[in-house]
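What follows is each chain in one-letter form.
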Amino acid sequence: MKRTVAAGAILALAALSLAACSSTDETTRSDVGVQLFQMPWTAIADECESTLGPAGYGWVLTSPPQESITGDEWWVSYQPVSYQLDSRLGTRDEFADMVKRCDAVGVGIIADAVINHMSGQSAPGTGFAGSAYEHDSYPGLYEPADFHDCGLTGDNDIRNYRDRAQVQTCELVNLADLDTSAPHVRATIVAYLNDLLSLGVDGFRIDAAKHIAATDVEAIVAELPANTTIMSEVIRGSGEPVLPEEYLGAGSVFEFTYARDLGIQFVSGSFTEPDLSNERPQHVPSDQAIVFVDNHDTERGEAQITYRDGDAYAMANVLMLADDYGTPVVYSGYAFSDRDAGAKTTASGTIEPVGCAEGAHGPQDFADGDRTCIHVWDAIAPMVAFRIAVGEAPRLPGVMVDDAYAFEREGRGAVAVNQGESEATLTLPTTMPDATYCDVLVPECAVTVTVDNGTATFTLAAGQSSAIHVEAVAR
Ligand code: LM2
Ligand code: CA
């Protein structure tokens, strides 16, 4: 049984929700998601109505919704102490209301499911919603026998990622590791996930899936409704025995190698292989791949390109969104200089409900804590409509001139990016109909690109991205 985020499923879902409500939003849905990292539920609901629905985004990946340890760091979200939906990000009622309001404008919700482990605390404590806990005891949920005691490394922490048993049964940074092979543990996790499904979520990111045996993930997923979307986070690591491919039986996986291969294109200032053609054989099949430029972990670690790279970051997103591989998720977080720093907090200890509807958004020098609002950048948001316009049209071989690159989605659209430091002109042979097209990455069709005699001519300033498609012909 395979559970993937097939575009068709998302479109069917969108059609249902549009039919069910007399919303003015007639926008067709895309398969494009957005990770709204540490954005509270009330703000996500507003965001669905003000920016995501109108742009055509198909789904939101939320931060983990369950009760966690207390603290101001963002990563408290990854230390569950109960499955009550009560956290710094909002209450159960707020979560349920978000799901409804997003669904009403055709935007699905994927919740981040932290099911490999509970807290990483050594001392007993009380969680955000008041639940008492100890490292391996969570009253009403789990007792010590429900946790792995790997006995392989002294302190039970994972030391060697080349040892499958350590990776899957020892503790990831002291996080109490659930025995996901045990019937009681599986049933408790299934009850939590079913509770979220009862509120209308479409599916889950399986956090730290690499640390859960693929057979355990499959057994848990088998207990969920057949149309549940599953995205397993399995970071591909060199020389490691646990592979993303093992998890394809449960659904889609995040393809970290795609992000790496794309990011490398922006390291030297010149493209080496912008079509990634030599790398593609190493990526999981397109219909089970979730692709991203960066995420909340990689922007604090390995990512070669993040919001800090401004125009080049926009270009990386453009290349991903114009690609014919995978289901893309745009990452939208907040600026930081301290990797542990949480999102802006209110006096009462919850996270400030700041959205992206107001003001102009694009590359800039952000102050720490400012939301980057990547999903509404002028050079990124219109790529969602581009993706809808090009549909299943295949990607054709592109052209590269100096530090600029362009390619076409056969007969339907084309993109061009210039990471050089001076203006570039690219002529791209194209099967698009002759016409004058809006450059959709410049508001109000203020710039046009002409296709004449089967050739598109792009003139790109340093750092500029450009996109044209058949649904946006200039008047
Ligand atoms: C993930 N995917 O596999 C998440 O995407 C990632 O963000 C999580 O790490 C991790 N796995 C566990 O769910 C984050 C963060 C860590 C943080 C953990 C737990 O990157 O820094 O660890 O969440 O909150 C923190 C401390 C660490 C400490 C641990 C336990 O940084 O030093 O370890 O808490 O107290 C003793
Ligand atoms: Ca584990």
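All of these numbers come straight from a predicted model, not from anything done at the bench. (Residues numbered from 1 in each chain as written. Chains lettered and ligands numbered in written order. Predicted model: local features only at pLDDT ≥ 70, side-chain atom pairs only at ≥ 80, totals over all residues. Heavy atoms only, no water.)

*Asks:* What's the story with the overall build of the chain in this structure? I'm lost.
*Replies:* When helices and strands are counted, the chain shows nine helices and 18 strands. In terms of C-alpha radius of gyration, the chain reaches 22 Å, essentially the compact-globule figure of 23 Å for 475 residues. Overall, the C-alpha framework of the chain stretches about 70 × 50 × 45 Å when taken along its three principal axes. Every one of the 475 residues in the chain was classed for burial, and the buried ones make up 57%. In the chain, 70% of the contacts between residues at least 6 apart in sequence involve partners at least 24 apart. Accessible surface, the chain: about 17,900 Å² in total, of which carbon and sulfur atoms supply 50%. Positive and negative charge centroids in the chain, built from 26 and 70 side chains respectively, lie 3 Å apart. (Helix = DSSP H or I, 4+ residues; strand = E, 2+ residues; numbered from the N terminus. Rg over C-alpha atoms; globule rule 2.2 N^0.38 Å. Buried < 20%, exposed > 50% of the residue type's maximum accessible area, 1.4 Å probe, protein only. Contact = heavy atoms within 4.5 Å. Areas by Shrake-Rupley, 256 points an atom, 1.4 Å probe, with all protein chains shown as cover. Lys, Arg positive; Asp, Glu negative; His and termini not counted. Charge placed at Lys NZ, Arg CZ, Asp CG, Glu CD.)

*Asks:* Help me understand the sheet that holds strand β9 (residues 289-291), please; the structure alone is not making it clear to me.
*Replies:* Hydrogen bonds between backbone atoms are what pair the strands of a sheet, whose relative direction is either parallel or antiparallel. Spatially, β1-β2-β3-β6-β7-β8-β9-β10 is the arrangement adopted by the eight strands of the closed barrel, whose pairing is parallel. Neighbour-to-neighbour, the strand axes of this sheet turn through a mean angle of 25°, independent of strand direction. Bridge count between strand β7 (residues 229-232) and strand β8 (residues 252-254): two bridges; the pairing is parallel. Across the sheet, the residue bridging to Ser232 is Val253, located in β8. (Pairing = 2+ DSSP bridges. Axes fitted to C-alpha atoms, helices over the stretch in contact; angles between N-to-C directions.)

*Asks:* I keep staring at the site of ligand 1 and nothing clicks. Help me out?
*Replies:* In the vicinity of ligand 1, 18 residues are found, and the nearest of them are Trp75, Asp207, Glu233, Asp297 and Arg339. Contacts to ligand 1 include Arg205, whose side-chain N or O atom sits 3.1 Å from an oxygen atom. Split into classes, the residues belonging to the shell around ligand 1 amount to seven nonpolar, six polar and five charged. (Near = heavy atom within 4 Å. Polar contact = N/O pair within 3.5 Å; in protein donor to acceptor, adjacent residues only side chain to side chain. Nonpolar A, V, L, I, M, F, W, Y, C, P; charged D, E, K, R; others polar.)

*Asks:* It is not clear to me how the state of the cysteines should be interpreted in this structure. Could you clarify?
*Replies:* Counting across every chain of the model gives four disulfides. One disulfide in the model links Cys48 with Cys102; its S-S distance is 2.1 Å. Taking the sign of the S-S torsion, 90° for the link of Cys48 and Cys102, the bridge is right-handed. Here Cys102 lies in helix α3 (residues 92-104) and Cys48 lies in helix α2 (residues 41-55), a separation of 54 residues in the sequence. Paired through a disulfide, Cys356 and Cys373 show a sulfur-sulfur distance of 2.0 Å. Here Cys356 and Cys373 share a disulfide; its torsion about the S-S bond, -80°, makes the bridge left-handed. With Cys356 in the loop between β10 (327-332) and α9 (382-390) and Cys373 in the loop between β10 and α9, this pair connects stretches of sequence that are 17 residues apart. (Disulfide = S-S within 2.5 Å.)

*Asks:* Looking at this structure, how should I read the confidence of the model for the chain?
*Replies:* Looking at the chain, the pLDDT average stands at 94 and 94% of residues meet or exceed 70. Below pLDDT 50 for its whole length, residues 1-26 participates in 44 contacts with residues either more than four positions away or in separate chains. (pLDDT = per-residue confidence, 0-100.)

*Asks:* Just checking my understanding: could you explain the packing of helix α5 (residues 183-198) against helix α6 (residues 214-222) for this structure?
*Replies:* Each packed pair of helices is defined by two parameters, the angle between the axes and the distance between the axes. At a closest axis distance of 9 Å, the pairing of α5 and α6 adopts a crossing angle of 50°. When the axis of α5 is compared with that of α6, the two are oblique. Here α5 runs over α6; the crossing is right-handed. Facing Arg186, Ile189, Val190 and Leu193 of α5, the residues of α6 in contact are Thr215, Asp216, Ala219 and Ile220. Among the residues forming the contact of α5 with α6, the class breakdown is five nonpolar, one polar and two charged. (Parallel < 35°, antiparallel > 145°, perpendicular 65-115°, else oblique. Left-handed = near helix turned anticlockwise from the far one by under 90°.)

*Asks:* Whenever I open this one, the side chain of Asp157 confuses me. Can you help?
*Replies:* Looking at the element boundaries, Asp157 is found in the loop between β5 (132-133) and α4 (164-169). Arg159 is the oppositely charged side chain nearest to the buried, salt-bridge-free Asp157, at an N-O distance of 5.2 Å. The residues contacting Asp157, other than those within four sequence positions of it, are Cys170, Glu171, Val173 and Asn174. (Salt bridge = Lys/Arg side-chain N within 4 Å of Asp/Glu carboxyl O.)

*Asks:* How should I be thinking about α3 in this particular structure?
*Replies:* Three- or four-residue spacings in an α-helix give side chains the same orientation, since the helix completes a turn every 3.6 residues. An ideal rise of 1.5 Å per residue puts 18 Å on 13 residues; α3 measures up with 18 Å between its terminal C-alpha atoms. For α3, the set of buried residues is Phe95, Ala96, Met98, Val99 and Cys102. Viewed end-on, α3 has its buried residues packed into an arc of 155°, placing them on one side of the element. Projecting away from the buried face of α3 at angles above 90 degrees are the exposed residues Asp93 and Lys100. Where α3 is buried, its residues meet α2, β3 (108-113) and α5. Phi for Gly106, located one or two positions after α3, is positive at around 85°. (Expected span 1.5 Å × (residues − 1). Arc of directions from axis to C-beta.)

*Asks:* Is there a simple way to think about the pattern of salt bridges in this case?
*Replies:* Between side chains of opposite charge, pairing is possible as soon as their charged atoms come close. Evaluation of the coordinates by the stated rule reveals 22 salt bridges. Arg186 is paired through a salt bridge with Asp216; the nearest N and O atoms lie 2.8 Å apart. Taken as a pair, Arg186 in helix α5 and Asp216 in helix α6 lie far apart in primary sequence, 30 residues in all. Using a relative accessible area of 24% as the deciding quantity, one classes Arg186 as partly exposed. Exposure remark for Asp216: the relative accessible area of 7% places this residue in the buried category. In this structure, the salt-bridge partner of Arg280 is Asp323, at a minimum N-O distance of 3.0 Å. One end of the pair, Arg280, is in the loop between α7 (256-264) and β9; the other, Asp323, is in the loop between α8 (311-322) and β10, and 43 residues separate them in sequence. Look at the salt bridges and you will find they share partners, linking Asp46, Glu49, Asp97 and Arg101 into a network.

*Asks:* Explanation requested: the nonpolar core in the structure shown.
*Replies:* The biggest cluster of nonpolar side chains holds 118 residues, and the ones touching the most others in it are Tyr57, Phe95, Tyr142 and Phe204. If you tally residues by element for this core, the top one is α8, at 10 residues. Among the domains, domain 1 (5-390) and domain 2 (399-469) are the pair contributing at least three residues each to this core. If we ignore the near neighbours within four places in the chain, the residues touching Phe204 are Ile110, Ala111, Ala113, Leu193, Leu196, Leu197, Leu224, Thr228, Thr229, Ile230 and Met231. (Core = buried A, V, L, I, M, F, W, Y, C linked by side-chain atoms within 4.5 Å. Domains from an automatic or database assignment.)

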